[in-house]
Amino acid sequence: DAGVIQSPRHEVTEMGQEVTLRCKPISGHNSLFWYRQTMMRGLELLIYFNNNVPIDDSGMPEDRFSAKMPNASFSTLKIQPSEPRDSAVYFCASSFWSGGSYGYTFGSGTRLTVV
Amino acid sequence: DQQVKQNSPSLSVQEGRISILNCDYTNSMFDYFLWYKKYPAEGPTFLISISSIKDKNEDGRFTVFLNKSAKHLSLHIVPSQPGDSAVYFCAAKDQGGSEKLVFGKGTKLTVNP
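Bear in mind the structure is a predicted one, so any value in this text is a computation, not a measurement.

(A) Focus on the state of the cysteines. Under the definition given, this model contains 2 disulfides over all chains. Disulfide pairing is shown between A:Cys23 and A:Cys92; the S-S distance is 1.8 Å. The sign of the -70 degrees torsion about the S-S bond sets the A:Cys23-A:Cys92 disulfide as left-handed. With A:Cys23 in strand β3 (residues 19-24) and A:Cys92 in strand β9 (residues 88-98), this residue pair connects regions lying 69 residues apart in the sequence. As far as the burial class goes, A:Cys23 and A:Cys92 line up, both buried. The disulfide that involves B:Cys23 links it to B:Cys90, with 2.1 Å between the sulfurs. Torsion about the S-S bond of the B:Cys23 and B:Cys90 cystine: about -75 degrees, corresponding to left-handed handedness. Taken as a pair, B:Cys23 in strand β3 (residues 19-25) and B:Cys90 in strand β9 (residues 86-94) lie far apart in primary sequence, 67 residues in all. Each member of the pair, B:Cys23 as well as B:Cys90, carries the same accessibility label: buried.

(B) Spatial organisation of the interface of chain B and chain A. Contacts between the two partners involve 19 residues from chain B, matched on the other side by 24 residues from chain A. Summed over both sides, the interface between chain B and chain A buries roughly 1600 Å², with carbon and sulfur atoms accounting for 56% of that surface. Counting the contacts that link chain B with chain A gives 0 salt bridges. Across the chain B-chain A interface, the total number found is 12 residue pairs in polar contact (both at pLDDT 80 or more). Every element with two or more residues in the side of chain B that touches chain A is listed here: β4 (30-38), β5 (45-51) and β9 of chain B. A per-element tally of the side of chain B that touches chain A places β4(B) first, with 4 residues. Of the residues belonging to the side of chain B that touches chain A, the class tally is 9 nonpolar, 4 polar and 6 charged.

(C) Spatial organisation of the layout of surface pockets. Here the largest pocket is characterised by a volume of approximately 680 Å³. Surrounding the largest pocket, 31 residues form its lining, A:Gln37, A:Met39, B:Lys38, B:Val87 and B:Phe89 being those nearest its centre. Only β4 (31-38), β9 and β11 (110-114) of chain A together with β9 and β11 (107-112) of chain B provide two or more residues apiece to the lining of the largest pocket. The space that makes up the second largest pocket amounts to roughly 470 Å³. Lining the second largest pocket are 19 residues; nearest its centre among them are A:Arg41, A:Leu43, A:Glu44, A:Leu45 and B:Asp1. Secondary-structure elements contributing two or more residues to the lining of the second largest pocket are β4 and β5 (42-50) of chain A together with β10 (102-103) of chain B. Residue contributions to the lining of the second largest pocket peak at 3 residues, all from β5(A).

(D) Representation of the nonpolar core. Among the nonpolar cores identified, the biggest contains 24 residues, and B:Phe33, B:Trp35, B:Leu73, B:Leu75 and B:Tyr88 are the most heavily contacted of them. Residue assignment for this core shows that the elements contributing at least two residues are β3, β4, β5, β7 (62-67), β8 (72-77), β9 and β11 of chain B. The leading source of residues in this core is β9(B), at 4 residues. In contact with B:Leu73, other than residues within four places in its own chain, are B:Leu21, B:Asn22, B:Cys23, B:Tyr25, B:Phe33, B:Trp35, B:Val64, B:Phe65, B:Leu66 and B:Cys90. Counting residues in each nonpolar core, the second largest holds 21 residues, with A:Leu21, A:Leu46, A:Met60 and A:Ala67 among its members.

Parameters and conventions
- Residues numbered from 1 in each chain as written.
- Chains lettered and ligands numbered in written order.
- Predicted model: local features only at pLDDT ≥ 70, side-chain atom pairs only at ≥ 80, totals over all residues.
- Heavy atoms only, no water.
- Disulfide = S-S within 2.5 Å.
- Helix = DSSP H or I, 4+ residues; strand = E, 2+ residues; numbered from the N terminus.
- Buried < 20%, exposed > 50% of the residue type's maximum accessible area, 1.4 Å probe, protein only.
- Contact = heavy atoms within 4.5 Å.
- Buried area = accessible area lost by both parts, 1.4 Å probe.
- Salt bridge = Lys/Arg side-chain N within 4 Å of Asp/Glu carboxyl O.
- Polar contact = N/O pair within 3.5 Å; in protein donor to acceptor, adjacent residues only side chain to side chain.
- Nonpolar A, V, L, I, M, F, W, Y, C, P; charged D, E, K, R; others polar.
- 1 Å grid on protein atoms, 1.4 Å probe; cavity = no way out; pocket = protein on both sides within 12 Å on 5 of 7 lines; lining within 4 Å.
- Points joined across faces, edges and corners; volume = space filled by probe spheres on them.
- Core = buried A, V, L, I, M, F, W, Y, C linked by side-chain atoms within 4.5 Å.

Have a look at this one:
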């Protein structure tokens, strides 16, 4: 399995532009998570889906952020319009149960820089 | 309000010695705990977990200890190796139906040869 795949790895955009981050979870993992990592706040959950349905979006900062999961193998996180304070590393993860253990498998992240 | 706290931003140990990383939590509803390791420019990778019905879980060189009364857990790495140098995150999940993991801010471990 290729793991959780995120694209792009790096994104530099100008303030006010729309940014779309993409994620392909591991096949068979039923839940998908979007996290943001910053120095100040660490890893914070933005939103998570179960069976393609949004379950908890309480971490989405504001209306500029939106996320979709149109099918079990694809999700997007969109920021429109982007602002410099959105600069961070965005991680996608999908969850697993294995041998009595639960956890997430993370993608490699998208480093977003808004200038 | 930080529910999972890793109070040491960094830790440095000698190769072959024990590394002890600590984590405190405030939410008594947490009943499952995990440790993740993160190398630069990579996503966090799962290391080890423990349920609140246990007080210890071991996997090779890695052992996690849970003290529920103190709301404290620790990760022991014995012996430490230079390849263990990374940022370690503690995470917790509550006993409700949510799959949300709450993460600490991480501790950067450096193992010196």
